[in-house]
Amino acid sequence: MVMQSFSSSDPYLEMQKAVDIVGSSDHPTNKIAATLCGLDKDGKEYSISRTNFWPQLIASHVGTDKDIGNSSGTIHAETACILTAPYTFGSSLFITDPFCPNCAKNIAEAGIANIYIDHKGLSKDWIARNEDAFRQMSLRICERAGINVYKIKRKERKISAILEQPADYKPLHENPVEIEEIAGDFPALIAEKCKQHEGHEFACALAEDKDGKTLLMTARRHAAIGYSREKPESMEDKQGKYSFIVQPITRLLMNAPRNGLKLVDGSVFCTRVPTAREQVNMVGAGLSQMIIGDMDKARDDGGFTALEQLQNARILTANTL
Ligand SMILES: [Zn+2]
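Residues numbered from 1 in each chain as written. Predicted model: local features only at pLDDT ≥ 70, side-chain atom pairs only at ≥ 80, totals over all residues. Heavy atoms only, no water.

At the metal site, the zinc ion is ligated by His76 (ND1), Cys100 (SG) and Cys103 (SG), and these contacts range over 2.0 to 2.3 Å. Donor residues binding the zinc ion come from one chain and are separated in sequence as H-x23-C-x2-C. As far as burial versus exposure is concerned, Cys100 and Cys103 are alike and both buried. (Donors = N, O, S within 2.8 Å, 3.2 Å for Na, K, Ca; no water. Buried < 20%, exposed > 50% of the residue type's maximum accessible area, 1.4 Å probe, protein only.)

Here helix H4 (residues 101–109) crosses helix H7 (residues 248–258) at 45°, and the two axes come no closer than 8 Å. By the angle between their axes, H4 is oblique relative to H7. Of the residues in H7, those in contact with Asn106, Ala108 and Glu109 of H4 are Thr250, Arg251, Met254, Asn255 and Arg258. Of the residues assigned to the contact of H4 with H7, the class counts are two nonpolar, three polar and three charged. (Axes fitted to C-alpha atoms, helices over the stretch in contact; angles between N-to-C directions. Helix = DSSP H or I, 4+ residues; strand = E, 2+ residues; numbered from the N terminus. Parallel < 35°, antiparallel > 145°, perpendicular 65-115°, else oblique. Contact = heavy atoms within 4.5 Å. Nonpolar A, V, L, I, M, F, W, Y, C, P; charged D, E, K, R; others polar.)

Next up on the list: the packing of aromatic side chains. For the structure shown, the criterion picks out five aromatic pairs. Where Phe202 meets Phe269, the ring centres are 5.8 Å apart and the plane angle is 50°; that geometry is what we call tilted. With Phe202 in strand E8 (residues 202–208) and Phe269 in strand E12 (residues 262–273), this residue pair connects regions lying 67 residues apart in the sequence. For the pair formed by Phe202 and Phe269, the shared burial category is buried. Pairing Tyr227 with Phe244 gives two aromatic rings, centres 4.8 Å apart and planes at 35°, and the pair type is tilted. With Tyr227 in the loop between strand E10 (222–223) and strand E11 (245–246) and Phe244 in the loop between E10 and E11, this residue pair connects regions lying 17 residues apart in the sequence. Exposure remark for Tyr227: the relative accessible area of 5% places this residue in the buried category. Put simply, the rings of Phe94, Tyr116 and Tyr150 touch in pairs and so form one group of aromatic residues. Here Lys41 stacks its cationic end above the ring of Tyr87, 4.8 Å away from the centre of that ring. (Phe/Tyr/Trp six-rings, centres within 6.5 Å; stacked < 30°, edge-to-face > 60°. Lys NZ or Arg CZ within 6 Å of the ring centre and 35° of its normal.)

Let us now look at the pairing of strand E6 (residues 158–163). Where strand E5 (residues 148–153) meets E6, five bridges bridge the pair, whose relative direction is antiparallel. Counterpart to Ile152 in the pairing with E6 is Ile159. Here E5 hands over to E6 after four residues, with Arg157 in that stretch at a positive phi of 50°. (Pairing = 2+ DSSP bridges.)

Moving on: helix H6 (residues 186–196). Looking only at H6, the buried set comprises Phe186, Leu189, Ile190 and Lys193. Down the axis, H6 shows its buried residues gathered within 100° of arc, on one side only. Taken together, the buried residues of H6 touch strand E7 (178–181), E8, strand E9 (214–220), E12 and strand E13 (289–298). At the N-terminal boundary of H6, the capping side chain belongs to Asp185, with an oxygen 3.1 Å from the backbone nitrogen of Ala188. (Arc of directions from axis to C-beta. Polar contact = N/O pair within 3.5 Å; in protein donor to acceptor, adjacent residues only side chain to side chain.)

Take the nonpolar core next. Counting 78 residues, the largest nonpolar core has Ile58, Phe99, Ile107, Ile115 and Leu263 as the members making the most contacts within it. Here this core gathers at least three residues from each of two domains, domain 1 (11–163) and domain 2 (178–319). Residues Phe186, Leu189, Ile190 and Leu216 belong to the second largest nonpolar core, which totals nine residues. (Core = buried A, V, L, I, M, F, W, Y, C linked by side-chain atoms within 4.5 Å. Domains from an automatic or database assignment.)

Along its sequence, the chain is organised into domain 1 (11–163) and domain 2 (178–319). Measuring from the centre of the C-alpha atoms in domain 1 to the corresponding centre in domain 2 gives 22 Å. Between domain 1 and domain 2, the contact holds 41 residues from the first and 36 residues from the second. Taken together, both faces of the contact between domain 1 and domain 2 bury some 3300 Å²; the carbon and sulfur share is 62%. When the buried area of domain 1 at its contact with domain 2 is split by residue, Leu83, Glu109 and Met137 rank highest and sum to 21% of it. Counting every contact that joins domain 1 to domain 2 gives two salt bridges. (Buried area = accessible area lost by both parts, 1.4 Å probe. Salt bridge = Lys/Arg side-chain N within 4 Å of Asp/Glu carboxyl O.)

This next bit is on the sheet that holds strand E14 (residues 317–319). Reading across the sheet, the six strands line up as E7-E9-E8-E12-E13-E14 and stay open at both edges, with mixed pairing between neighbours. A single partner strand is all that each edge strand has here, and the edge strands are E7 and E14. On average, each strand axis in the sheet is inclined to that of its neighbour by 25°, with strand direction left out of account. Relative to E12, E8 is paired through five bridges, and the arrangement is antiparallel.

Here it is, written out as structure tokens:
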């Protein structure tokens with residue numbers, strides 16, 4: 001039996017919870033579910049199970065048959081768990097299937113310590129088609145971030161390591177998200193941050209802790225935890241589908257639960273139009289408004305298209321200061 005970092009829950013039971021709901025995923029072909037369990041900031045155990053899903057507003061106002069810009073409109077099960085968790089640092093994630101590189105980066109940002117994959121998921125379609133992405137990117141991201149990855153056989157009650165980290169491994173974390181006490185209103189804070197991070201793409205947002213105290217979070221666009229900022233532009237896979245870079249809004253969304261915080265809707269700023277994936281993640285996190293520094297700038301055209309779609313459908317609104 002593998003030791004879990006904080007939680008005392010039964011790993012077979014936690015995996016079973018994911019398996020039990022996977023059939024309810026609204027995805028027609030790739031049905032995936034995950035359970036995230038850990039301790040909240042009061043030390044109380046929680047366990048959250050989610051399938052991959054289309055945020056309700058996207059499903060009803062745009063449709064599940066359309067992409068949002070150059071991103072799918074779905075939130076993956078692993079990311080859905082993170083977005084709803086009270087506190088993710090040191091938690092354990094149980095997934096019915098191997099995870100994609102985007103979720104790997106999110107899991108690392110959220111500070112999750114252990115990942116368990118159902119052994120049946122390792123012989124399914126996705127892994128056959130995406131073996132490279134899983135081995136070359138997802139697992140490498142976990143290795144650098146210091147996350148343990150296990151294969152779990154429920155019936156045999158057997159857990160085996162796919163990737164196990166030395167207990168004293170400390171990942172390179174050269175650009176952590178800043179979290180500060182605030183003084184002044186949000187526009188004034190944005191102006192201050194724009195000066196401080198001049199020339200960088202970043203996002204900042206107000207976030208509340210469990211006692212209702214408001215803090216300011218600031219994140220630059222950066223390589224995944226464990227990677228250096230050197231040559232961040234060349235950190236894409238051969239197909240250009242995935243990259244080792246984490247966009248600033250996504251970093252805020254994952255670092256809020258990492259720190260037991262919740263982002264405040266209407267108080268999210270980004271220096272440029274967020275990528276389509278960042279925007280879909282925002283919708284998945286229940287956010288409906290953002291403030292953009294330069295409306296004419298985006299990483300790619302997908303960001304502009306996504307914003308137009310989401311604004312027209314009144315799902316997400318963007319304002320300048
Ligand atoms: Zn994923």
